[in-house]
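A structural walkthrough
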Amino acid sequence: MTVSGIIDVLEHYKSGAKQADDGLDGPQSAALRELWGRLLAHMDATADAPIAVDSSLARSGGLAAAGVSADDAGAVDEWYRANKSHVEDARFQSVQDRLHLDGAREQAVPAAFRPLFGDAADSRRFAHAFWQACMRLRSPDAYLLSFLRAHEWKVDVAFARIVASVVQRVREEVDRLMWAGDLGINHGLMQKGLLVQVGTDQFGHPVVVVHVRLNVARERCDGDIKKFSAYMLEKGALQARATGRAMLVYNFTDFKLENVDTGFSKTIITRIGELYPQTFSGTLLFVNSWLFSGIWKILRGWMEPAIAKRTAIVKDTDALTTFVARDQIIAEMGGDL
């Protein structure tokens, strides 16, 4: 019935019973206490060893990458004049660039970013980054439990995964990425609506839909999809805070060969496993294309067992209604929304 303590997603939704996250037994409570002890000790041990920001996604392009301060109006305008041809290219253009080119400069240049808790702009302390990661859930316990449940209550594994997750968040500057919001994201990807939150599932969880047909690799630069994925998954996790879960749906309607992008798929799948275990109550693949059969073999190989158990292929709208009511399914997928 279960793999890694996770109920099969189809069985879960057919039962109509919302999966509870409470009611720990004795060994599970002991595992949670032990994990807290390990993490608090790690916070003490790393108090004087901040983690360097060395692969910032927030500063991977535009003004920030050029070292131009958003507070220096003259320098900003000069940079845009010098890089006009670059920022006008749809493959590279960010939402910030689009606003600036349209004359909405006051919207395009936010105040300077300052990390919470007084950390330096180029590094974060593990403890501070850990508490920031906890803030996207309803309680710090929920953050720890998500890793314990995903890894069969093995404290050593959960501890290592949490530490790695927090370090990754620091190195990529997820806090700065979210502070900047839509501004730093590729304008074309945002305008298309490649990944959007729309409707709720059977249990009231927000539904995040990836429109696969809108992803065409030649229409964007390579680095943008990683930045976009990181931003939208964090945003989806924040939107799921109220209910503790979200539903992820890949919409393969009108899927073509030009949409085959294993790099994009791998980025999302691995990122969910590394940073967001248990965040998604299920991953649905809404598929009506013969092209998908070969791709599925590749995708499944990247999934951790707990994620694979929560993944289901649905081939039509009737099958989708097991998970999402028809009035919460968008019209493109045969629903009424």
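I will try to describe carefully the structure that is included in this document.

Conventions adopted
Residues numbered from 1 in each chain as written. Predicted model: local features only at pLDDT ≥ 70, side-chain atom pairs only at ≥ 80, totals over all residues. Heavy atoms only, no water. Patch = residues over 30% accessible without salt bridge, like charges linked within 9 Å, V, L, I, M, F, W, Y side chains within 5 Å. Areas by Shrake-Rupley, 256 points an atom, 1.4 Å probe, with all protein chains shown as cover. Salt bridge = Lys/Arg side-chain N within 4 Å of Asp/Glu carboxyl O. Helix = DSSP H or I, 4+ residues; strand = E, 2+ residues; numbered from the N terminus. Buried < 20%, exposed > 50% of the residue type's maximum accessible area, 1.4 Å probe, protein only. Polar contact = N/O pair within 3.5 Å; in protein donor to acceptor, adjacent residues only side chain to side chain. Contact = heavy atoms within 4.5 Å. Phe/Tyr/Trp six-rings, centres within 6.5 Å; stacked < 30°, edge-to-face > 60°. 1 Å grid on protein atoms, 1.4 Å probe; cavity = no way out; pocket = protein on both sides within 12 Å on 5 of 7 lines; lining within 4 Å. Points joined across faces, edges and corners; volume = space filled by probe spheres on them. Nonpolar A, V, L, I, M, F, W, Y, C, P; charged D, E, K, R; others polar. Axes fitted to C-alpha atoms, helices over the stretch in contact; angles between N-to-C directions. Parallel < 35°, antiparallel > 145°, perpendicular 65-115°, else oblique. Pairing = 2+ DSSP bridges. Right-handed = clockwise from strand over helix to strand, strands pointing away.

**A short note on a nonpolar patch on the surface**
Together, Leu40, Leu116, Phe117, Trp131 and Met135 line one region of the surface with nonpolar side chains, adding up to about 480 Å² of accessible area. Examined against the element boundaries, Met135 turns out to sit in the loop between α8 (126-134) and α9 (140-150).

**What about the side chain of Ser281?**
Position of Ser281 among the secondary structure elements: in strand β8 (residues 280-286). Residue classification places Ser281 among the buried positions, given a relative accessible area of 2%. In terms of polar contacts, Ser281 uses its side chain to reach the side chain of Tyr13, at 2.7 Å. Ignoring any residue separated from it by four or fewer positions in sequence, one finds Ser281 in contact with Val9, Tyr13, Asp201, His205, Arg245, Ala246, Met247 and Arg310.

**Some details on the side chain of Thr279**
Tracing the chain through its elements places Thr279 in the loop between α14 (262-275) and β8. Looking at Thr279, the relative accessible area reads 7%, which means it is buried. Apart from the residues lying within four places of it in its own chain, the contact partners of Thr279 are Arg136, Ala237, Gly244, Arg245 and Ala246.

**As for the packing of aromatic side chains**
Taken as a whole and assessed by the stated rule, the structure comprises twelve aromatic pairs. Here the aromatic rings of Tyr13 and Phe323 are separated by 5.3 Å at their centres, their planes lie at 55 degrees, and the arrangement is tilted. Taken together, the residues Tyr13 in helix α1 (residues 9-15) and Phe323 in the segment after α17 (317-320) connect sequence positions 310 residues apart. The class of Phe323 is buried, set by a relative accessible area of 1%.

**What about empty space enclosed by the protein?**
Summed over the entire model, instances satisfying the criterion amount to four cavities of 30 Å³ or more. Here the largest cavity is characterised by a volume of approximately 160 Å³. Lining the largest cavity are 16 residues, and of these Val212, Tyr250, Phe252, Ser265 and Leu299 lie nearest its centre. The set of elements that each furnish at least two residues to the lining of the largest cavity consists of α14 and α15 (292-302). With four residues, α14 is the single largest residue contributor to the lining of the largest cavity. In terms of residue class, the lining of the largest cavity is built from eleven nonpolar, four polar and one charged. A volume near 140 Å³ is recorded for the second largest cavity. Taken together, 14 residues line the second largest cavity, and the ones lying closest to its centre are Ile272, Gln278, Ala306, Ile307 and Arg310. In terms of residue class, the lining of the second largest cavity is made up of seven nonpolar, five polar and two charged.

**Remarks on the packing of α8 against α9**
Packing of α8 against α9 leaves a shortest axis separation of 8 Å and a crossing angle of 90 degrees. Our classification of the angle between α8 and α9 gives roughly perpendicular. Here Phe130, Trp131, Ala133 and Cys134 of α8 come into contact with α9, specifically with Pro140, Tyr143 and Leu144. In the contact of α8 with α9, the residues fall into seven nonpolar, no polar and no charged.

**As for the pattern of salt bridges**
Applying the stated rule across the entire model yields 15 salt bridges. Of the charged contacts in the structure, one is a salt bridge between Arg176 and Glu173, with a shortest N-O distance of 2.9 Å. In terms of burial, Arg176 and Glu173 fall into one category: buried. Among the charged side chains, a salt-bridge network with shared partners connects Arg59, Arg124, Glu173, Asp175 and Arg176.

**With respect to the pairing of strand β6 (residues 206-211)**
Among the six residues in β6, six count as buried, and that is most of the element. Neither face of β6 is left uncovered, since the one carrying Pro206, Val208 and Val210 and the one carrying Val207, Val209 and His211 both have all their residues buried. For strand β5 (residues 195-200) and β6, the ladder comprises four bridges, and the chain directions are antiparallel. Counterpart to Val196 in the pairing with β6 is Val209. In this structure, β6 lies alongside strand β7 (residues 246-251), joined through five bridges in parallel fashion. What sits directly across from Val210, in β7, is Tyr250. Handedness of the crossover joining β6 and β7 through helix α13 (residues 222-239) is recorded here as right-handed.

**Some remarks on the sheet that holds β8**
The strand order across the open sheet formed by five strands is β5-β6-β7-β8-β9, and the pairing between neighbours is mixed. The strands lining the two open edges of the sheet, one partner per strand, are β5 and β9 (311-314). Taken over all neighbouring pairs, the strand axes of this sheet differ in orientation by 25 degrees on average, direction set aside. Running at roughly 20 degrees to β5, α13 makes contact with β5, β6, β7 and β8 of the sheet. In this fold α14 packs onto β5, β6, β7 and β8, with an angle of close to 165 degrees to the strand it touches most, β7.

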